[in-house]
Amino acid sequence: MSEPVLVAGGGVAGCATALGLHRAGIAVEILEARDDTDDGGWFLVVGGPGCRALRTLGAGPAFEAVSRPLTDLVVRDADGGDTGVRRPLSGGDPDGSRMLTRAELVGALRTETDRLGIVRHVRTRVTGVGAAGSRVQVETDRGPRTTPLLIGADGIGSVVRGHVDPSCPPPREVGQRAFYGRTPLRPSGAETENGAFTVLASAAQAFVAIPTAQDGTWWFARTGPPRPAGAPDADPHATLTAALGPDGTAAALLAATAPRDVGAFDPRDLPYLGPWWRGRTVLAGDEAHAASPASGLGATLACEDAAALATTLQNTDLTDHAAVADALTHYQRLRRPPGLANVRASAERSGSPVP
Ligand SMILES: Cc1cc2nc3c(=O)[nH]c(=O)nc-3n(C[C@H](O)[C@H](O)[C@H](O)COP(=O)(O)OP(=O)(O)OC[C@H]3O[C@@H](n4cnc5c(N)ncnc54)[C@H](O)[C@@H]3O)c2cc1C
């Protein structure tokens, strides 16, 4: 049997890419640093192009079974009153947008890779990458592997990216704090609007509430600036309460959210303008184009990368160096412009320098 393509990272981009390669008839294995326990992510929005990519990859039914449909973007005043601003969240895309936790999305993709018999080596961290003749040598904390092609999908803190471009800049903080939470309370004035992406005026830079039919209201907020580096934020609920003040619908939703159901992090992005591939190593997902969550497209773009990479490699002879170079050039030409555009758009929305 031929040596499998290796995918570093079994998150959204990694599992989706493995599904695509398997469907394209290419043997593939995943190297994932963590185990399969819920790793604490909050929620993600997958836009129409991401929904279509997941369908192309054969993960459509599994994804739809665990996600919730989103409808309109609605802007409400601080007390939940209608401002008259309303438009389809997906800009009229026929597939709309859907929302789910990161654990639900990764779980659905991992269930699908398991069903197809794709090997996923958990607790296997990639620690280094080098050339080995016409193949790639992949160092892991469980020993070395070689492969005809390495897909780097190990996220924003990627090890693989340093091999593709040793001069790539490190990720940077975008200057905001992001908060996520869930509460049984519904925003006032929005009693019947399940799936409405409800932007509420508040003292935060952004506060969005999404009522769902089955599990209360999901909300997220962004404030600035981030906490000082190294200073632990023991109580994000209290931090956001202080930022929002006592009045208004956003504050009421937060007050009705249990502290254990509030999470926070300091978003980072990747101001990376360099190449996405070198030799027999190629990047996908956040590893290539991590953006702040301000535009909510990280998961969508990761799924699209996966589908594009699989289509591009489908008829490529992996023993033919020139054919691999052509395929990876084509993939980069297709996927780099939207990836970079998203990093730029979300940097602008976050008020950080646009790369
Ligand atoms: C724990 C976690 C929680 C998140 N929560 C949210 C959220 O709530 N909202 C949101 O908008 N985005 C969240 N994200 C980011 C979001 O998943 C991505 O923006 C998007 O889905 C693109 O996915 P990705 O697969 O490129 O990167 P990621 O989702 O970051 O996946 C990268 C994967 O690679 C693995 N990995 C990392 N380093 C190595 C290594 N050296 N060797 C092997 N494997 C490695 C990681 O464990 C992870 O499974 C989260 C990411 C993580 C890792």
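Our subject is the structure listed above.
Conventions and cut-offs
Residues numbered from 1 in each chain as written. Predicted model: local features only at pLDDT ≥ 70, side-chain atom pairs only at ≥ 80, totals over all residues. Heavy atoms only, no water. Patch = residues over 30% accessible without salt bridge, like charges linked within 9 Å, V, L, I, M, F, W, Y side chains within 5 Å. Areas by Shrake-Rupley, 256 points an atom, 1.4 Å probe, with all protein chains shown as cover. Salt bridge = Lys/Arg side-chain N within 4 Å of Asp/Glu carboxyl O. Lys, Arg positive; Asp, Glu negative; His and termini not counted. Charge placed at Lys NZ, Arg CZ, Asp CG, Glu CD. Helix = DSSP H or I, 4+ residues; strand = E, 2+ residues; numbered from the N terminus. Buried < 20%, exposed > 50% of the residue type's maximum accessible area, 1.4 Å probe, protein only. Pairing = 2+ DSSP bridges. Near = heavy atom within 4 Å. Polar contact = N/O pair within 3.5 Å; in protein donor to acceptor, adjacent residues only side chain to side chain. Contact = heavy atoms within 4.5 Å. Phe/Tyr/Trp six-rings, centres within 6.5 Å; stacked < 30°, edge-to-face > 60°. Core = buried A, V, L, I, M, F, W, Y, C linked by side-chain atoms within 4.5 Å.

> How should a negative patch on the surface be read in this particular structure?
On the surface, D77, D79, D82 and D247 cluster together into a patch of negative charge. The topology assignment puts D79 in the loop between β5 (72-76) and β6 (82-88). Taking relative accessible area as the criterion, D79 reaches 58% and is therefore assigned exposed.

> Could you clarify how one ought to interpret the pairing of β6 in this entry?
Side-chain positions along a regular strand alternate between the two faces of the sheet. Relative to β6, β5 runs antiparallel, the two being bridged by five bridges. Bridging from a neighbouring strand, V75 pairs with V85 of β6. In this structure, the hairpin formed by β5 and β6 is closed by a connection of five residues, where G80 is found at a positive phi of approximately 85°.

> Would you mind showing me how to read the pattern of salt bridges here?
Think of it this way: side chains of opposite charge can pair up when their charged atoms draw near. All chains considered together, the criterion is met by 20 salt bridges. Among the salt bridges present, the one from R86 reaches E193, with a minimum N-O distance of 3.0 Å. Taken together, the positions of R86 in strand β6 and E193 in the loop between β14 (177-183) and β15 (197-200) put the pair 107 residues apart, joining distant regions of the chain. On the basis of relative accessible area, R86 is assigned to the partly exposed category, the value being 42%. Between E112 and R115 there is a salt bridge whose closest N-O contact spans 2.6 Å. One end of the pair, E112, and the other, R115, are both in helix α4 (residues 102-115), three residues apart, so they sit about a helical turn from each other.

> Which parts of the structure should I look at to understand the site of the ligand?
What surrounds the ligand is a group of 28 residues, the closest being A13, E32, W42, R102 and D286. One of the side-chain N or O atoms of R34 is found 2.9 Å from an oxygen atom in the ligand. Between the ligand and the protein, one listed contact pairs an oxygen atom with a backbone N or O atom of W42 at 2.6 Å. Contact with the protein chains removes 85% of the 920 Å² of surface that the ligand exposes when unbound.

> I tried to follow the pairing of β14 on my own but got confused; where do I start?
Burial analysis of β14 places six of its seven residues in the buried class, the great majority of the element. Sheet topology places β14 next to strand β17 (residues 217-223); seven bridges connect them, and they run antiparallel. Looking at β17, one finds that R177 is bridged to T223. In this structure, β14 lies alongside strand β18 (residues 262-265), joined through four bridges in antiparallel fashion. Residue pairing in the sheet places Y180 in a bridge with G263 of β18.

> What should I look at first to understand the side chain of T249 in this one?
Mapped onto the elements, T249 comes out in helix α7 (residues 249-255). Assessed through its relative accessible area of 6%, T249 is described here as buried. There is a polar contact of 3.3 Å between the side chain of T249 and the backbone oxygen of D79. T249 has contacts with A78, D79, G80, P187, S188 and L200, leaving out every residue within four places of it along the chain.

> Quick question: what am I supposed to make of the packing of aromatic side chains here?
Two descriptors summarise a pair of aromatic rings, namely the distance from one centre to the other and the angle between the planes of the rings. The full count for this structure, using the stated rule, is nine aromatic pairs. When the ring of Y180 is compared with that of F265, the centres are 5.9 Å apart and the planes differ by 10°; the resulting orientation is stacked. With a gap of 85 residues between them, Y180 in strand β14 and F265 in strand β18 connect regions that are remote in the sequence. Seen from their ring centres, F207 and W219 are 5.4 Å apart, and the 20° between their planes marks the pair as stacked. With F207 in strand β16 (residues 206-211) and W219 in strand β17, this residue pair connects regions lying 12 residues apart in the sequence. In this structure F207 comes out as buried when scored by relative accessible area, which is 0%. Judged by its relative accessible area of 0%, W219 is buried. Counting every residue linked through ring pairs, the aromatic cluster contains W42, F43, Y180, F197, W218, F220 and F265.

> So what exactly am I meant to see when it comes to the nonpolar core here?
Burial of nonpolar side chains together is a common tendency in soluble globular proteins. The biggest cluster of nonpolar side chains holds 61 residues, and the ones touching the most others in it are L105, I151 and L313. At nine residues, helix α9 (residues 298-313) tops the list of elements feeding residues into this core. Not counting the four nearest positions on each side in its chain, L105 is found in contact with V12, L44, V46, L54, F63, L100 and A299. Among the nonpolar cores identified, the runner-up in size contains 13 residues, and F207, A209, W219 and V262 belong to it.

Just geometry here; none of it tells us what the structure is for.
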